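# Coordinate inspection notes
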Amino acid sequence: MKAYVYDNLPGDQRLPHDSGRPVSIEALRKLGVLYYHFPDIADVDDLAASRGYQNRDEITVSPERMGDIYEDKVKMFFREHLHEDEEIRYIRGGQGFFDVRSKDDEWVRVRLEKDDLLILPAGIYHRFTTDEANFVHAMRLFKDEPKWTPLNRSGDLDTNPFRKEYVGLFLN
Ligand code: KMT
Ligand code: NI
């Protein structure tokens, strides 16, 4: 894992875009973003149990696996959005970038690789992309009825109760 402020320069979303300003695990925690490195899957099972997660699936994001729709999927994942439930991703192989909005509304880029697990709280604005290797294999953990519908950023979401709760907890 490596976290840093995104440079916001033009160029492919899959490039590192590293501004050179590092972001600590502690700073991520203040945004409600929790990071773990779990080489032992038993630790994932424990975390899932402790948070009431009963289900999981696995997704491979790559041109080999997705074919023609790969580029569209990657663009879709990169649209700034939030969910009304938390999002847990456990990387099994390859790499990917989760970008989350900081308190100052800058993008913080979190580079994840094998055995990294990230928890994004409900209501945080974020986006995802593969890197130049175009391959990530991830486990998605979910409760019975996950509310994963991406809600794209807009002023209308300022009154969304999940967004309001997130802002109250972490951005004040
Ligand atoms: C997401 O939430 O954007 C995804 O599920 C992307 C693939 S999982 C690394
Ligand atoms: Ni998402």
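Quantities reported herein were computed from a predicted structural model and do not represent experimental measurements.

### Considering the site of ligand 1
Around ligand 1, the structure places Phe-77, Glu-87, Arg-89, Phe-128 and Ala-138. Between ligand 1 and Glu-87 there is a distance of 2.6 Å, counted from an oxygen atom to a side-chain nitrogen or oxygen. Between ligand 1 and Arg-89 there is a distance of 3.1 Å, counted from an oxygen atom to a side-chain nitrogen or oxygen. A total of 290 Å² of accessible area belongs to ligand 1 in isolation, and the protein chains cover 95% of it. Of the residues contributing to the shell around ligand 1, the split by class is three nonpolar, no polar and two charged.

### Some details on the pattern of salt bridges
A full pass over the atoms with the stated rule returns 18 salt bridges. Note that Asp-105 and Arg-101 form a salt bridge whose closest N and O atoms lie 3.8 Å from each other. On the accessibility criterion, Asp-105 (36% relative accessible area) is partly exposed. According to the relative accessible area criterion, Arg-101 is buried, its value standing at 16%. Salt bridges sharing common partners tie together Glu-80, Arg-101, Asp-105 and Arg-153.

Thresholds, definitions, all that
Residue numbering note: each chain is counted from 1, following its sequence as written. Think of it this way: whatever chain is written first is A, whatever ligand is written first is 1, and the rest follow in order. Per-residue local features of the predicted model are confined to residues with pLDDT of at least 70, and side-chain atom pairs are confined, for both listing and counting, to 80 or more; whole-chain, interface and lining totals are unaffected and use all residues. Water and hydrogen atoms play no part in the side-chain values, which are based on all heavy atoms of the structure. Any residue with a heavy atom lying within 4 Å of a molecule or strand is counted as near it. We call two N or O atoms a polar contact when they sit within 3.5 Å, provided that within protein one can donate a hydrogen and the other can accept it, with sequence-adjacent residues counted only if both atoms are side-chain atoms. Values of accessible area rely on a 1.4 Å probe in the Shrake-Rupley scheme; residue burial ignores everything except the protein chains shown. Polar here means any residue other than Ala, Val, Leu, Ile, Met, Phe, Trp, Tyr, Cys and Pro, which are nonpolar, and Asp, Glu, Lys and Arg, which are charged; Gly is therefore polar. Salt bridges are defined by distance alone: a side-chain nitrogen of Lys or Arg within 4 Å of a carboxyl oxygen of Asp or Glu. Accessibility here uses a 1.4 Å probe with only protein chains present; expressed as a share of the type maximum, an area under 20% marks a residue as buried, one over 50% as exposed, and anything in between as partly exposed.

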